[in-house]
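An overview of the molecular structure
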Amino acid sequence: MRFSSDQIQKIGKEISSKVDGKTLFDEFSRGRYSTDASVYQIKPLGVVLPKDTNDVLKLMEYSQKNSIPLLARGGGSSQCGQTVGESVILDYSKHQNKILELNVEEKYVWVQPGVVLDHLNSFLRPYGLWFPVDVSTSSRATIGGMSANNSCGSRSLYYGNMVHNVLAIEAILDDGSLHTFDQINKNYLTTTNNQDRFYKIIDKFLNLRQKISKDIDENWPTTQRRVGGYNIDLIDPNGFNSSNLLVGSEGTLSLFNKIKLKLSEIPKNKILGVCYFDNFHQAMELTKEIVKLKPTCVELMDQNLLNLAKEIPMYAGGIKKYIKGNPEAVLMVEFIDTDQNVYEKKVKDLEYLVLNQNKKNQFSFFTDLSEQKEVFEIRKAGLNILMSMKGDKKPVAFIEDCAVSLDHLAEYTARLNEIFKKYNTSGMFYAHASVGTLHVRPVLNMKSDQDIKNMRSISEEAFKMVKNYKGSHSGEHGDGIVRSEFHEMMFGKNITNVFEEIKDTFDNKNLLNPGKIVRPFKSNDRSLMRYKSDYQTENISTHYDWSNWGQFSDAIEMCNNNGACRKLDSGVMCPSYRVTKEEKDLVRGRANTLRLALSNQLPEGSFASKEMYETMELCVSCKACQRECPMSVDMAKMKSEFLSHYYKKFSMRIKDKIISDMPRLIWLYKIINPILNKIKNFPVISNIIEKFGFATERSLPEVQNQKALKDIYNNQEISENKVILFADTFNINFENENLVYTIKVLNKFGYQAVIPSFGYDKLDRPLCCGRTYISYGQLEKAAEELNRFNDYIIKNNYFELPIVGIEPSCLLTFNDEYQSLKGIKNRDKIKNRFYLLEEFILEQIKNDKNVKSNSFSQNVLIHGHCHQKSQDRMKGLKDLLSELNINNKMIDSSCCGMAGSFGYDSKTYETSKKMAHLSLIPAINSSDENDFIVANGTSCRHQISDLSEKKGKHVSELLFKIFETVN
């Protein structure tokens, strides 16, 4: 390290006094920013979230005066170590994310560097335009990062790389001057003031280009995919786009202030051919023939990747639906054309090529755009699917960007496999067959000295082979730490010397992202890696069984920092990040913090610390990461596990004690909630309530009288067909009308509902899933509650009875925590099937096609409960409504923000509101007044009621209306 702890704190204080944006120089924040999606880990000096250009200019000035390195960062998903270093990191993603100017006629847009690609394309879609460099990380990749990397995307064969689609960059140079790098004509040098800094740069580059003209002819890659080094080959004395100098420079030459992009029209007609090959080598051989049909892309998935994808809930359905048989390779080939006859002929020609090559090959094609998108989502997730492998051995990125011509592609892959055998490993292939860039990752253990040596040897042998093919060792994801040191081997000494001159022309003090592209770090320097030679993790005692991963720390290490949790526009995760846009509030940020603590890379005692609590505080345990994180990093369980340790060291707040112990304290709720609701707005009382942890903006739910429920229950007809109605703590006490509706609906289908606490054995209180205990880490108490359930089933010999629940978070506990929580007895004896109400009714309807229902003319709007989404259990409700011919639509929303008690907490009330207002509340407020809004979660209904103009209803009420008068 160049800087001591005292120096770092001094730097932090000085920078904090100069900028308006948030500064993060504490150990926890520095740890969270020490990694990207590569194998490297270098702790930064600190982090700044610059608010505007003025902040960036102040940082540049401070950097130059004090020799402090700067490193610009967007999504932090770089796979080569570009965005880690002992520097002050500028995180552009929170504030510098505006779309500045759109010109539809001339098809260009100016954006700030922190704009995310998917957000940009969402903005452009109504104009019939898009930015076509469609990288697989589009949900979190920023335009600044893509420009710095010279990203390519799946369709680069047709649209080109970033360097072909960036029209101009307004850059901040090391002297604080702003210059626009754009198109330069031939006469520029004769008409410009030669004292200008920009002029001097251009003049210097023209001279350097001429100086190494012969070397470029001899050593420069001939493939389209070549992003290594600086783009010196594109400098032309007859005129060129000077932004080409900055694209692909990885933040080593300047900081980007704004970027001008060339836009394309959204294709009106697309067709996707999917080719299933019995032989991988034959697929590679045929690629060069396929490209002659002029597709927009040819994307590869190999058998290893497909087999892994089958094990991931998020992709298993797509594999089953779209992949035929068990192919060794699948090629996805897309065609676009305004003339439908043209692209349909191309698909027929493609089918002929594939089936004529080998009778065992198969072929499909898709014209429906939604189906095409589903197929492409599997390929886009290639990296994440690969990284889902459990254990220390993972597919490692270091030769995955090699690009060769299609004439050499089959031979190249065959020779690579021979190299892998030599080092007792194997590789997985996927991605861009159309341009000869196959992302291939050998499986290595980066905690092993031997495998790190193997990594180096494989690199050298692979790059030597690529050089012989006149290919590129860096074909898409950039250079960073992992490839920069091989530039001299690939380009020769003269060209690498020129790269150094380019760097020095821009950044004479070597303060902009040092160690990348020129004067590089060693790629196999283990001191720079995430798993350093002394890496060890603490094996703590746990309440959940993590043995499927090894131990608790192994489950945490599944996070590979790819940043899928940073998405803002689709799915659910990560709700708190969508509000704060801060690394701390990501699944990735939390996982990194846990990993660093358990491996003793944070101050002693950090695991069960106040700082760790702050890291976890805004996690609402929505469980979306369980499904939407390709590695299934289950942060909800991890938070619960953490809290179980934290509360052994620190006492719980009064509010947390009361809510966690809700199943046993209903008598107290019955007394105090009505009183608090009446007096909570008196100033003195309000302050006291806030100190206890309750948000006075909320009304606390009041315990209902159960007479009506008991009357309905006791008046049921006795039937041999019984179901256990899991009357959860929330509904039986606060909204028991939903249980009334449920009983009536079950009775309509000939079932008698059994509510355990109302049964002949008269339990002292209702059965409970332990959800409130789980949420607060009181896992021994949660196990006690689940054991009460097991005891009830066993005592009454109810093993055959279906169990129907109406609160998703409670019923689905039996599919989730119940399966892995330690201390649960007789779990193996419980064979009952667990249904949400709508799933149970759907099954009855499917078994009896003559079921009659009332007509229901209202449109149904559905807000899905997070836990239902995470376990893919929304399907039952959607299918039921479709079976009943009821118009319905899912609200595209993340977590409602209430999340159990999260929205009642005085510390998190505002965040809760902001979560709701991201999409849920606007969608409800803009819906038709006659729409029936279904929200199955108790918390969701309360949030909708509190913050919108309408009421959410449980599906039981909807079903009651549909079946109430039917005989």
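For clarity, every value in this text was computed on a predicted model and none was experimentally measured.

Things to note about helix α13 (residues 340–357)
Taking 1.5 Å per residue, 18 residues should reach 26 Å; α13 reaches 26 Å between its end C-alpha atoms and fits that length. Inspection of α13 places Y343, K346, V347, L350 and V354 among the buried residues, and these make up the whole buried set. Within α13, the buried residues cover an arc of 100° as seen down the axis, which keeps them to one side. Facing away from the buried side of α13 by more than 90 degrees, the exposed set consists of N341, K345, K348, Y352 and N356. Contacts made by the buried residues of α13 are with β14 (270–277), α10 (280–291), β16 (329–336) and β17 (362–366). Near the N-terminus of α13, the side chain that reaches the backbone nitrogen of N341, with its oxygen 2.9 Å away, is that of D339.

Section: the packing of aromatic side chains
By the definition in use, this model includes 37 aromatic pairs. Judged by centre distance (5.9 Å) and plane angle (80°), the ring pair of F607 and F642 falls under edge-to-face. With F607 in the loop between α23 (587–598) and α24 (610–616) and F642 in helix α26 (residues 635–649), this pair connects stretches of sequence that are 35 residues apart. Across the pair, F642 and F607 agree in class, each one buried.

Describing the nonpolar core
Side chains that are nonpolar tend, in soluble globular proteins, to be buried together. With 145 residues, the main nonpolar core has V633, M635, I841 and L959 as its most contacted residues. Ranked by residues supplied to this core, first place goes to helix α34 (residues 779–795) with seven residues. Those residues in contact with M635, other than ones at most four positions away along the chain, are V587, R590, A591, L594, M616, C619 and C625. In terms of nonpolar packing, the next biggest core, distinct from the first, is built from 114 residues, C402, L406, L409 and V466 among them.

Let's talk about the pairing of strand β6 (residues 108–111)
Burial along β6 is two-sided: the face carrying Y108 and W110 and the face carrying V109 and V111 are both buried. Judged from the four bridges that link them, strand β5 (residues 99–103) and β6 form a sheet pairing that is antiparallel. Along β6, the bridge assignment pairs I99 with V111. Hairpin connection of β5 to β6: four residues between the antiparallel strands, including K107 at a positive phi of 55°. Sheet topology note: the β6/strand β12 (residues 255–262) ladder contains four bridges and is antiparallel. Its bridge partner being in β12, W110 is matched across the sheet by K260.

Some points on the pairing of β14
Across the eight residues that make up β14, a large majority, seven, are buried. Here β14 runs beside β16; their pairing, made up of eight bridges, is antiparallel. When the bridges of β16 are listed, Y276 appears paired with V330.

What to know about the sheet that holds strand β9 (residues 178–181)
Taken in spatial order, the five strands of this open sheet run β5-β6-β12-β8-β9, and their pairing is antiparallel. The sheet is open, and its two borders are formed by β5 and β9, each paired with just one other strand. This sheet shows a mean twist of 15° between the axes of neighbouring strands, independent of strand direction. Where strand β8 (residues 166–172) meets β12, six bridges bridge the pair, whose relative direction is antiparallel. For I172, the partnering residue across the bridge sits in β12 and is L255. Lying over the sheet, helix α3 (residues 53–66) contacts β8, β9 and β12, oriented at roughly 55° with respect to β8.

With respect to the state of the cysteines
Tallying each qualifying case throughout the model produces zero disulfides. C619 takes part in no disulfide bond, and the closest cysteine sulfur to it belongs to C574, at a distance of 6.6 Å. What makes C619 buried here is its relative accessible area of 7%. Left unpaired, C629 is separated from the closest cysteine sulfur, that of C559, by 6.5 Å. Owing to a relative accessible area of 8%, C629 belongs among the buried residues under this scheme.

Describing a nonpolar patch on the surface
Residues I654, V684, I688 and F692 make up a contiguous nonpolar surface patch of roughly 350 Å² in combined accessible area. Per-element accounting of the nonpolar patch gives the leading share, three residues, to helix α29 (residues 683–692).

What about the side chain of H473?
As for its position among the elements, H473 is in the loop between α17 (449–468) and α18 (480–484). Side chain to side chain, H473 and H487 meet in a polar contact 3.3 Å long. Filtering out sequence-adjacent residues up to four positions away, H473 remains in contact with D401, C402, F463, V466, R483, F486, H487, M490 and F491.

Observations regarding the packing of helix α30 (residues 707–714) against helix α32 (residues 737–748)
Relative orientation of the contacting elements α30 and α32 amounts to 10°, with a least axis distance of 9 Å. Taken together, the axes of α30 and α32 are roughly parallel relative to one another. Viewed along their axes, α30 and α32 form a crossing whose handedness is left-handed. The residues of α32 that touch α30, namely those facing L709, I712 and Y713, are L739, V740, I743 and K744. Of the residues belonging to the contact of α30 with α32, the class tally is six nonpolar, no polar and one charged.

Section: the sheet that holds strand β2 (residues 46–49)
Across the sheet, four strands lie side by side as β1-β2-β4-β3; this open sheet has mixed pairing. At either end of the open sheet lies a strand with only one pairing partner, and these are β1 (22–24) and β3 (70–73). Across the sheet, the axes of successive neighbouring strands diverge by a mean angle of 20°, strand direction being ignored. In the packing of α3 onto the sheet, the strands contacted are β2, β3 and β4 (88–91), and the crossing angle to β3 comes to about 150°.

Description of the environment of S138
Relative to the helices and strands, S138 is located in the loop between β7 (129–130) and α5 (143–149). The exposure class of S138 is buried, given its relative accessible area of 5%. As for S138 and S857, which are separated by 719 residues in sequence, their C-alpha atoms are 40 Å apart.

With respect to the pattern of salt bridges
Inspection of every chain in the model, using the stated rule, returns 63 salt bridges. E400 is the partner of R441 in a salt bridge, and the nearest nitrogen-oxygen pair spans 2.8 Å. Placement of the pair is R441 in strand β20 (residues 437–445) and E400 in the loop between β18 (393–395) and α16 (406–422), with a sequence separation of 41 residues. Taking relative accessible area as the criterion, E400 reaches 1% and is therefore assigned buried. For R873, the salt bridge identified is with E839, shortest N-O distance 2.6 Å.

Conventions we followed
- Position numbers for residues count from 1 along each chain, tracking the sequence in the order it is written.
- Two thresholds apply to this predicted model, a pLDDT of at least 70 for residue-level local features and 80 or more for giving and counting side-chain atom pairs, whereas whole-chain, interface and lining totals are computed over all residues.
- Water and hydrogen atoms were dropped before computing side-chain values, which therefore reflect all heavy atoms in the structure.
- By the criteria applied, helices consist of DSSP H or I runs no shorter than four residues and strands consist of E runs no shorter than two, each listed in order from the N terminus.
- One fewer than the residue count of a helix, multiplied by 1.5 Å, yields its expected span.
- Residue burial is assigned from relative accessible area. The probe radius is 1.4 Å, only protein chains are included, and a residue is buried under 20% of its type maximum, exposed over 50%, and partly exposed in between.
- Here the arc refers to the directions that run from the helix axis out to each C-beta atom.
- Residue contacts are defined here by distance: any two heavy atoms, one from each residue, within 4.5 Å place the two residues in contact.
- Two N or O atoms count as a polar contact when they lie within 3.5 Å, although within protein this holds only if one can serve as hydrogen donor and the other as acceptor, and sequence-adjacent residues are included solely when both atoms are side-chain atoms.
- Here is the rule: rings of Phe, Tyr and Trp (six-membered ring for Trp) pair when centre to centre is within 6.5 Å. Planes less than 30 degrees apart are stacked, more than 60 are edge-to-face, and the remainder are tilted.
- Only buried residues count toward a nonpolar core. Its members are Ala, Val, Leu, Ile, Met, Phe, Trp, Tyr and Cys residues joined through side-chain atoms within 4.5 Å.
- What makes two strands pair is DSSP finding at least two bridges between them.
- Axis definition: a line fit to C-alpha positions, over the contact stretch in the case of helices; interaxial angles, taken between N-to-C directions, run 0 to 180 degrees.
- Note on terminology: disulfide denotes any pair of cysteine sulfur atoms within 2.5 Å.
- The patch calculation keeps residues exceeding 30% relative accessible area without a salt bridge and links them within 9 Å when they carry like charges or within 5 Å when they are nonpolar (Val, Leu, Ile, Met, Phe, Trp, Tyr).
- Only the protein chains shown count as cover for residues, and the accessible areas themselves come from Shrake-Rupley with a 1.4 Å probe.
- Every case where a carboxyl oxygen of Asp or Glu lies within 4 Å of a side-chain nitrogen of Lys or Arg is listed as a salt bridge.
- In these notes the angle categories are as follows: under 35 degrees is roughly parallel, over 145 is roughly antiparallel, 65 to 115 is roughly perpendicular, and the rest is oblique.
- Handedness of each helix crossing follows the sense of rotation of the near helix against the far helix: counterclockwise by less than a right angle gives left-handed, clockwise gives right-handed.
- We call Asp, Glu, Lys and Arg charged. Ala, Val, Leu, Ile, Met, Phe, Trp, Tyr, Cys and Pro are nonpolar, and the rest, Gly among them, are polar.

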